[in-house]
Amino acid sequence: MLQIAALRKSYGSTRALDGVSFEVKPGEIFGLLGPNGAGKTTTIRISLGIIEPDSGTVLFNGKELNAGMKDSLAYLPEERGLYRKSRVIDVLIYFGGLRSVPPIEAKKRAMHWLEKFELSGVANHKVDELSKGMQQKVQFISCLLHEPDLLILDEPFSGLDPVNQIVMKDMIREMKTKGKTIIFSTHQMEQAEKLCDEICLIDKGKVVLYGELGTIKRKYGDDTIHMEFEGDSSSLKSLAGIADMNLYENYAEVRIRDGMSRHEFLKQVVSLVDVTKFSVEEASLNSIFISAVNADKTGGGNVA
Amino acid sequence: MSLKKALVVARWEFVEKVRTKTFIISLILMPVFIIVVSVVPSLLINKPSSTTINVGIIDKTGEIAPILDVNLLGKYKLPDGRPNYNVVVIPPGDSARTEANRMVLSNRLSSYIVVDTNIMSSRKFEYVSENVSNFKDISRLQSAVKDILVTNELQRNGIKPSIVKEVTRPVDLETVRLSKEGKEEKTQAGSGFILGYIFIIILAFFVVTSGQLLVRSVVEEKSNRIVEVLLSSMTADEIMTGKILGLSLLGLTQLAVWGAIAISFAGQLAAFITVPGSIWWEGVFFVLGFLFYSSIFVMAGAPVTTEQEAQQATTYVSMLLFLPIVLATMVAQNPSASYIKILSLIPLLTPTMMAFRIPIQTPDLWELIAGTLILIGSTYFCMIAAGRIFKIGILVYGKRPSLNDLVRWAMKKG
């Protein structure tokens, strides 16, 4: 669907992208992950032809992006908004028009989607009369009017309350069942973990982790210790036999070195803090994310 | 470049802006403004007063006062037949002035004049009033006193009153404008000046309002990131073309409405303004000027992020438009002076200078053609530069680019 190869882009002396490559397969949900400032938005903007890369290629089904192909793409930018003073239905018809949908057809489709999201009552309202949640739904609808094959969503979950995060997640899932390809960027790992077939983790303009979510999780094993505790979390930094640890106030994910038994490890922990939960599972994506980013930073395992 | 996408943008810009209150207000406000500025003052000055005005006179010669009454009375009447002026003679004396001042302050006199004994040699008299900007009354008194002096002097030299009367009759002047084609057109003096003024104001207003709308729509689209959606569905050139097209259409709508208003008022306007035959050149400079200034607004407006910066950017560009107004009197005095000709060929000034000069004295054909060519050339280059600046500028947030940055962007190809 989308092949990105060796993208490089610098802004002045800062290097935003340093050889980013990945491929998105048709019909999958692809997560573009990374901390703030990693280069996710730059990657997305280059993919859509909004800005030019210094070098590297972007191919859609083996071809370079051309004017006609733009009509089969959809893009939801980060920190998005709509024309505040215009009517909802007019804005939607305009956005359809931008992707070559004739006004009459755009209106029909817009009404269909508004109805589906129980918004048909506000079609003639001005955008700034709508609640934020409603505006976000309208924005999502604005991406669907031209029935795109590929949806690129930049931080679709940022700024959404928990209820609307679920609405957004359901919308993304529904698009997948309709055979659409979806790329979304996020730094919220829980969402990515629940949705993605494949992920690409970028940090400082470089790909640090890329592949199918299942494969990646298996690579990190199913022997990660998840523990909840009460007490001084900093005292756990002195634990021996740790390969990798992500430490929070009352929660930690740990992988122990070969040769250290869980039994021995737990004994150490119990002597330092009051353990309320101790389990062995596969690593969370959040933990993998932090480990990968930190490994990239220092060139080795680290304690968060 | 696909015109189809540009037209989608043009349609949106037009329809959304036509509906705004700002547009509707400016649509009505401008003709009102023009009428107020150009027609109303002349109507008011020529409008006869409705009440008799009391004018005092302290006449130390004793020769002026008795005739002043007759002189003013005979000439100026109110519409209902009553005299326009009533002359109140104040006997000269030590307290005359104090007395007259008191009468003015208590509104029994609107003004008074003081004629000294040596008026024949000094050729001077005083006019005292709370308001000394009443040009109509002042000039009438001035000419009345002058007439009396001349009449008295002639009579003293033995010339018959009937001859004196004949000799001192006023002379009228009729202005005829000679067009480049050699056609004679009777016009009111100064009508070309007023028309030129109106053209500059309309062009400036037109450019500034659309320029502001353009900059504001770019700022809004930057702040809600719609600009990225636009850029992901078409090229920067298509967006810019669409915006300029839409706003031009908006401007044409405005002009059409104003034109209709002007035609419906044509009867009243014709008394003050005569439209010269070379008026169609005006249209050429209007269209080119609009496109040229639009591209400058695009350059100034694309990199700004906030409403406040937008305001500043548009103010600087607008100032360029009003420069010819500063030069207006100089142009009217001598429209074919060589420095005026040179100024008219500087692209930033060409549209307004030409728009102003055409109704006053149509410039030579070579000037019109040179101006047109220079403007076409500069518009072409500015549009290309504006397109490049727009492409980079609309993705710039926060830090305002320096002039150097703008030049660098403008030079950057692709």
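Keep in mind the model is a prediction, meaning the values are calculated, not measured. (Residues numbered from 1 in each chain as written. Chains lettered and ligands numbered in written order. Predicted model: local features only at pLDDT ≥ 70, side-chain atom pairs only at ≥ 80, totals over all residues. Heavy atoms only, no water.)

Participant: Break down the overall build of chain A for me, with residues and values.
Facilitator: Along the backbone of chain A there are 10 helices and 14 strands. Seen through its principal axes, chain A has C-alpha atoms that stretch 70 × 45 × 35 Å. When the 304 residues of chain A are sorted by exposure, 52% land in the buried category. Sequence separation of at least 24 residues holds for 68% of the intrachain contacts in chain A that already meet a minimum separation of 6. Split by element, the accessible area of chain A, about 13,500 Å² in all, is 49% carbon and sulfur. The distance from the centre of the 38 positive side-chain charges to the centre of the 42 negative ones in chain A is 5 Å. (Helix = DSSP H or I, 4+ residues; strand = E, 2+ residues; numbered from the N terminus. Buried < 20%, exposed > 50% of the residue type's maximum accessible area, 1.4 Å probe, protein only. Contact = heavy atoms within 4.5 Å. Areas by Shrake-Rupley, 256 points an atom, 1.4 Å probe, with all protein chains shown as cover. Lys, Arg positive; Asp, Glu negative; His and termini not counted. Charge placed at Lys NZ, Arg CZ, Asp CG, Glu CD.)

Participant: Give me the overall build of chain B: which residues, what numbers.
Facilitator: For chain B, the helix and strand inventory stands at 18 helices and 6 strands. A globule of 414 residues ought to have a C-alpha radius of gyration of about 22 Å, yet chain B, at 30 Å, is considerably larger. Within chain B, the fraction of its 414 residues that count as buried is 45%. Counting contacts in chain B only where the partners sit at least 6 residues apart, residues at least 24 apart contribute 74% of the total. Charge separation in chain B, taken as the distance between the mean sites of 40 positive and 31 negative side-chain charges, equals 6 Å. (Rg over C-alpha atoms; globule rule 2.2 N^0.38 Å.)

Participant: Help me get a handle on the sheet that holds strand E2 (residues 85-89) of chain B, residues and values and all.
Facilitator: Residues and elements named next belong to chain B. An order of E2-E1-E3-E4 is seen for the 4 strands of this open sheet, with the pairing classed as mixed. With one partner strand each, in any of the chains shown, E2 and strand E4 (126-129) form the two edges of the open sheet. Recorded for the sheet is a direction-independent mean angle of 25° between the axes of neighbouring strands. Here helix H4 (residues 96-105) sits on the sheet in contact with strand E1 (53-59), E2, strand E3 (111-115) and E4, set at roughly 160° to E3. Each of E1, E2, E3 and E4 is contacted by helix H6 (residues 135-156), which is oriented at about 150° to E4, the strand it contacts most. (Pairing = 2+ DSSP bridges. Axes fitted to C-alpha atoms, helices over the stretch in contact; angles between N-to-C directions.)

Participant: Mind laying out the domain arrangement of chain B, listing which residues take part and the relevant values?
Facilitator: Under the domain assignment used here, chain B contains domain 1 (3-33 + 187-411) and domain 2 (53-167). Distance between the C-alpha centres of domain 1 of chain B and domain 2 of chain B: 53 Å. (Domains from an automatic or database assignment.)

Participant: With reference to specific residues and values, describe the packing of helix H8 (residues 191-223) of chain B against helix H12 (residues 279-301) of chain B.
Facilitator: Residues and elements named next belong to chain B. Their axes nearest at 9 Å, the elements H8 and H12 cross at an angle of 30°. Our classification of the angle between H8 and H12 gives roughly parallel. Classified by chirality, the crossing of H12 by H8 is right-handed. In contact with Phe199, Ile202, Leu203, Phe206, Val207, Val208, Ser210, Gly211, Leu214, Val215 and Val218 of H8, H12 contributes Ile279, Glu282, Phe286, Phe290, Tyr293, Ser294, Phe297, Val298 and Gly301. In terms of residue class, the contact of H8 with H12 is built from 15 nonpolar, 4 polar and 1 charged. (Parallel < 35°, antiparallel > 145°, perpendicular 65-115°, else oblique. Left-handed = near helix turned anticlockwise from the far one by under 90°. Nonpolar A, V, L, I, M, F, W, Y, C, P; charged D, E, K, R; others polar.)

Participant: Before we move on, could you go through a nonpolar patch on the surface and cite the residues and values that matter?
Facilitator: A cluster of nonpolar side chains, B:Ile24, B:Ile28, B:Val32, B:Phe33, B:Val36, B:Val37 and B:Val40, forms an exposed patch at the surface whose accessible area comes to about 570 Å². Mapping B:Ile28 onto the fold places it in helix H2 (residues 21-46). (Patch = residues over 30% accessible without salt bridge, like charges linked within 9 Å, V, L, I, M, F, W, Y side chains within 5 Å. Salt bridge = Lys/Arg side-chain N within 4 Å of Asp/Glu carboxyl O.)

Participant: Describe the packing of H12(B) against helix H16 (residues 350-360) of chain B, and please don't skip the residues or the numbers.
Facilitator: All names here are of chain B. One way to put it is that H12 packs onto H16 with a least axis distance of 9 Å and a crossing angle of 165°. When the axes of H12 and H16 are compared, the pair comes out roughly antiparallel. By crossing handedness, the relation of H12 to H16 is classed as left-handed. Across from Trp281, Glu282, Phe285, Gly289 and Tyr293 in H12, the residues of H16 making contact are Thr350, Pro351, Thr352, Met354, Ala355, Ile358 and Pro359. Residues of the contact of H12 with H16, tallied by class, amount to 8 nonpolar, 3 polar and 1 charged.

Participant: Lay out the interface of chain B and chain A in plain terms, naming residues and giving numbers.
Facilitator: The interface is formed by 24 residues belonging to chain B together with 26 residues belonging to chain A. In this assembly, chain B packs against chain A so that about 2,300 Å² is buried in total across both faces, 55% of it on carbon and sulfur atoms. Residue B:Glu228 is joined to A:Arg45 by a salt bridge in which the shortest nitrogen-to-oxygen separation is 2.7 Å. Taken together, chain B and chain A are joined by 10 residue pairs in polar contact (both at pLDDT 80 or more). Elements represented by at least two residues in the side of chain B that touches chain A include exactly helix H1 (3-18), H8 and helix H9 (226-233) of chain B. Here the element with the most residues in the side of chain B that touches chain A is H9(B); it accounts for 7 residues. Its residues placed into classes, the side of chain B that touches chain A shows 10 nonpolar, 5 polar and 9 charged. (Buried area = accessible area lost by both parts, 1.4 Å probe. Polar contact = N/O pair within 3.5 Å; in protein donor to acceptor, adjacent residues only side chain to side chain.)

Participant: Give a detailed account of the pattern of salt bridges, specifying residues and quantitative values.
Facilitator: Residue and element names in this part refer to chain A. Counted under the stated rule, the structure contains 31 salt bridges over all chains. Glu282 is paired through a salt bridge with Lys217; the nearest N and O atoms lie 3.4 Å apart. One end of the pair, Glu282, is in the loop between strand E14 (274-281) and helix H10 (285-298); the other, Lys217, is in helix H8 (residues 213-219), with 65 residues separating them in the sequence. The exposure class of Glu282 is partly exposed, given its relative accessible area of 37%. On the basis of relative accessible area, Lys217 is assigned to the buried category, the value being 10%. Here the salt bridges do not stand alone but share partners, grouping Arg8, Arg15, Asp18 and Lys206 into one network.

Participant: Account for the side chain of A:Lys70, naming residues and giving values.
Facilitator: With respect to the secondary-structure elements, A:Lys70 resides in helix H2 (residues 67-70). The charged side chain of A:Lys70 is buried without a salt bridge, its nearest counter-charge being B:Glu238 at 6.3 Å. Look past the residues within four positions of A:Lys70 in its chain and what remains in contact with it is A:Leu48, A:Leu65, A:Arg99, B:Leu231, B:Ser232, B:Ser233, B:Met234 and B:Thr235.

Participant: Pulling in residues and values, what's your account of the packing of aromatic side chains?
Facilitator: Taken as a whole and assessed by the stated rule, the structure comprises 18 aromatic pairs over all chains. Here the aromatic rings of A:Phe30 and A:Tyr210 are separated by 6.4 Å at their centres, their planes lie at 55°, and the arrangement is tilted. Note that A:Phe30 is positioned in strand E3 (residues 29-33) and A:Tyr210 in strand E10 (residues 206-212), a separation of 180 residues in sequence. With a centroid separation of 5.8 Å and 50° between ring planes, the pair formed by B:Phe205 and B:Trp258 is classed as tilted. Highlighted residues: B:Phe205 in helix H8 and B:Trp258 in helix H10 (residues 236-264), separated in sequence by 53 residues. Take B:Phe205: its relative accessible area is 23%, and that puts it in the partly exposed class. An aromatic cluster of at least three residues, connected via ring pairs, comprises A:Tyr83, A:Tyr94, A:Phe95 and B:Trp12. (Phe/Tyr/Trp six-rings, centres within 6.5 Å; stacked < 30°, edge-to-face > 60°.)

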